[in-house]
Amino acid sequence: MATAELTAWTAPCTLLSRREVGPDAIIMELALPEPMTDVAPGVFAMLSPADGSGPEIPRPFSLYDLPAPDRATFLVQIMGRGTQALAAVPPGQEVLCTMPLGNGFTLPAPERPVVIVAGGVGCAPFLHYLRLRLQQGAGARTHMIYGAREASRLYDYQAFAALDGIDLRAATDDGSLGFHGNVIAALDAGLANGTLPRDADFLACGPAGLLHGFADYARKQNLQAWLSLETYMGCGFGVCNACPVATEPEGPLGAWPWARTCCEGPVFPLTSIQF
Ligand SMILES: Cc1cc2nc3c(=O)[nH]c(=O)nc-3n(C[C@H](O)[C@H](O)[C@H](O)COP(=O)(O)OP(=O)(O)OC[C@H]3O[C@@H](n4cnc5c(N)ncnc54)[C@H](O)[C@@H]3O)c2cc1C
């Protein structure tokens, strides 16, 4: 995974729009102070209300989409104080934004298949990724299993379904849409019946339980896998050291026992971390 080449900036950004995409999630669209092109999918931003109404420490969110070079969207699941404060910002007011942060995903060659495993807001790093795969002409070799407890928590599912040429599969715990079961069971079923390729890059993002289940499964199945971690973090740019993940001594980051999710991540090859 390459480190994002763009230099991060911090600026108050006007909230252009805000729309609900499920019982507890919104998409926020921000006006950027400068156009962003060539940004790696999977990078993130630290966001907080510019008027100081949120907690002192901003919160990290994956860049969701770039509807125009000078506009960015973020998919935000409302959890606690930080996300409640962001959700309360009215359009026209400003959100303080530092981005782009983190390494993001590197796209493989177009002929290399990709299988994405995402749960809930863990879909966020992948919309931009999928658009880039389509630009590569690699839609037919790009598969995504998007899972949640129930269909209403497949946030902004229509945006993914609208990407013509991608193999998108829903999985819900209650069977309300797509595969009846979790994303790991859906992945296992797809590999077993040959509708998913084994010789592929496997990328995952989602809640800790999903990522641990995926990591165990990928190790057992010897899959070439990457995880985008959602570790708690403070600064987002490597100063506070609040987001360490233990490295695998024999892996590519093994020269030091810890990596910072914000700088060396949030995307890690599975072989590089103890997770
Ligand atoms: C690189 C990165 C990218 C992220 N991208 C997105 C995104 O695109 N969309 C999105 O909705 N969220 C994303 N997150 C998670 C998001 O940052 C947290 O949900 C947010 O910080 C919660 O803040 P809060 O103040 O609302 O909740 P808090 O008050 O801090 O916590 C509320 C509850 O959520 C739990 N919680 C909070 N943060 C985390 C976490 N990181 N891992 C596990 N449990 C947590 C707490 O234990 C508590 O139970 C990302 C996190 C990282 C590190």
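Residues numbered from 1 in each chain as written. Predicted model: local features only at pLDDT ≥ 70, side-chain atom pairs only at ≥ 80, totals over all residues. Heavy atoms only, no water.

Draft legend 1. A look at the pairing of strand β10 (residues 167–172). Across six bridges, strand β9 (residues 142–148) lies against β10 in parallel orientation. Of the residues in β10, the one forming a bridge with Met 144 is Leu 168. (Pairing = 2+ DSSP bridges. Helix = DSSP H or I, 4+ residues; strand = E, 2+ residues; numbered from the N terminus.)

Draft legend 2. Highlighting the site of the ligand. Around the ligand sit 21 residues, and of these Pro 60, Gly 82, Thr 83, Glu 230 and Tyr 232 come closest. Pro 60 is positioned with one of its backbone polar atoms (N or O) 2.6 Å from an oxygen atom of the ligand. Here a nitrogen atom of the ligand sits 2.7 Å away from a polar atom, N or O, in the main chain of Leu 75. Across the complex, the protein chains shield 76% of the 900 Å² of accessible surface that the ligand would expose by itself. For the ligand, the cavity whose grid points lie within 2 Å of the majority of its atoms is the largest pocket. (Near = heavy atom within 4 Å. Polar contact = N/O pair within 3.5 Å; in protein donor to acceptor, adjacent residues only side chain to side chain. Areas by Shrake-Rupley, 256 points an atom, 1.4 Å probe, with all protein chains shown as cover. 1 Å grid on protein atoms, 1.4 Å probe; cavity = no way out; pocket = protein on both sides within 12 Å on 5 of 7 lines; lining within 4 Å. Sits in = over half its atoms within 2 Å of the grid points.)

Draft legend 3. Up close: the side chain of Arg 153. Secondary-structure assignment places Arg 153 in the loop between β9 and α3 (157–161). At 3.0 Å, the side chain of Arg 153 forms a polar contact with the side chain of Asp 24. Residues in contact with Arg 153, not counting those within four places in the same chain, are Pro 23, Asp 24, Gly 120, Tyr 146 and Ala 148. (Contact = heavy atoms within 4.5 Å.)

Draft legend 4. Region of the structure containing the domain arrangement of the protein. In terms of domain boundaries, the protein breaks down into domain 1 (9–101) and domain 2 (114–230). Between the C-alpha centres of domain 1 and domain 2 the distance comes to 24 Å. Taken together, the contact between domain 1 and domain 2 spans 18 residues of the former and 15 residues of the latter. Regarding the contact of domain 1 and domain 2, the summed buried area is about 1400 Å², with carbon and sulfur atoms giving 58% of it. (Domains from an automatic or database assignment. Buried area = accessible area lost by both parts, 1.4 Å probe.)

Draft legend 5. The arrangement of the packing of aromatic side chains in detail. On inspection of all chains with the given rule, the structure shows six aromatic pairs. Geometrically, the ring pair formed by Tyr 64 and Phe 160 is tilted, given 6.3 Å between the ring centres and 55 degrees between the ring planes. Linking Tyr 64 in the loop between β4 (59–62) and β5 (65–68) with Phe 160 in helix α3, this pair joins segments that are 96 residues apart in sequence. Per residue, the accessibility class of Tyr 64 equals that of Phe 160, and both read buried. Aromatic side chains Phe 105 and Phe 126 sit 5.4 Å apart centroid to centroid with 35 degrees between the ring planes, which places their arrangement in the tilted category. Highlighted residues: Phe 105 in the loop between β7 (94–101) and β8 (114–119) and Phe 126 in helix α2 (residues 126–135), separated in sequence by 21 residues. Among the aromatic residues, ring-to-ring pairing joins Tyr 64, Tyr 146, Tyr 157 and Phe 160 into one connected group. (Phe/Tyr/Trp six-rings, centres within 6.5 Å; stacked < 30°, edge-to-face > 60°. Buried < 20%, exposed > 50% of the residue type's maximum accessible area, 1.4 Å probe, protein only.)

Draft legend 6. Molecular detail of the nonpolar core. The biggest cluster of nonpolar side chains holds 31 residues, and the ones touching the most others in it are Leu 75, Ile 116, Phe 126, Met 144, Tyr 146 and Phe 160. For this core, the secondary-structure elements that each account for two or more residues are β2 (25–31), β8, α2, β9, α3, β10 and β12 (201–205). Each of domain 1 (9–101) and domain 2 (114–230) accounts for three or more of the residues forming this core. Once residues lying within four places of it in the same chain are set aside, the contact partners of Phe 126 are Phe 105, Ile 116, Val 117, Ala 118, Met 144, Phe 160, Leu 203, Ala 204 and Cys 205. Counting 28 residues, the second largest nonpolar core, distinct from the first, contains Val 183, Leu 196, Ala 215 and Leu 223. (Core = buried A, V, L, I, M, F, W, Y, C linked by side-chain atoms within 4.5 Å.)

Draft legend 7. Representation of empty space enclosed by the protein within the structure. Enumeration over the complete set of coordinates arrives at one cavity of 30 Å³ or more. Within this model, the largest cavity holds a volume of roughly 30 Å³. Lining the largest cavity are Met 233, Gly 234, Cys 235, Gly 236, Gly 238, Val 239, Cys 240, Asn 241, Ala 242, Cys 243, Arg 260 and Cys 262. Tallied by class, the residues present in the lining of the largest cavity amount to seven nonpolar, four polar and one charged. (Points joined across faces, edges and corners; volume = space filled by probe spheres on them. Nonpolar A, V, L, I, M, F, W, Y, C, P; charged D, E, K, R; others polar.)

Draft legend 8. Just the sheet that holds β12, in detail. Ordered in space as β11-β10-β9-β8-β12-β13-β16, the seven strands form an open sheet in which the pairing is mixed. Looking at strand neighbours, the two that pair on one side only are β11 (179–180) and β16 (267–269), the edges of this open sheet. When β8 meets β9, the two strands line up parallel, connected through six bridges. Note on β9: the bridge partner recorded for Gly 119 is Gly 147. Contacting β8, β9, β10, β11 and β12, helix α4 (residues 183–192) crosses the sheet at an angle of about 145 degrees to β9. (Axes fitted to C-alpha atoms, helices over the stretch in contact; angles between N-to-C directions.)

Draft legend 9. Region of the structure containing the layout of surface pockets. Taken as a whole, the largest pocket spans an internal volume of roughly 1300 Å³. Around the largest pocket, the lining is made up of 46 residues, and of these Gln 77, Met 79, Val 121, Pro 207 and Glu 230 lie nearest the centre. Among the elements that line the lining of the largest pocket, the one with the most residues is helix α5 (residues 208–221), at six residues. Among the residues making up the lining of the largest pocket, the classes are represented as 23 nonpolar, 17 polar and six charged. Built from parts of two domains, the lining of the largest pocket gets at least three residues from each of domain 1 (9–101) and domain 2 (114–230).

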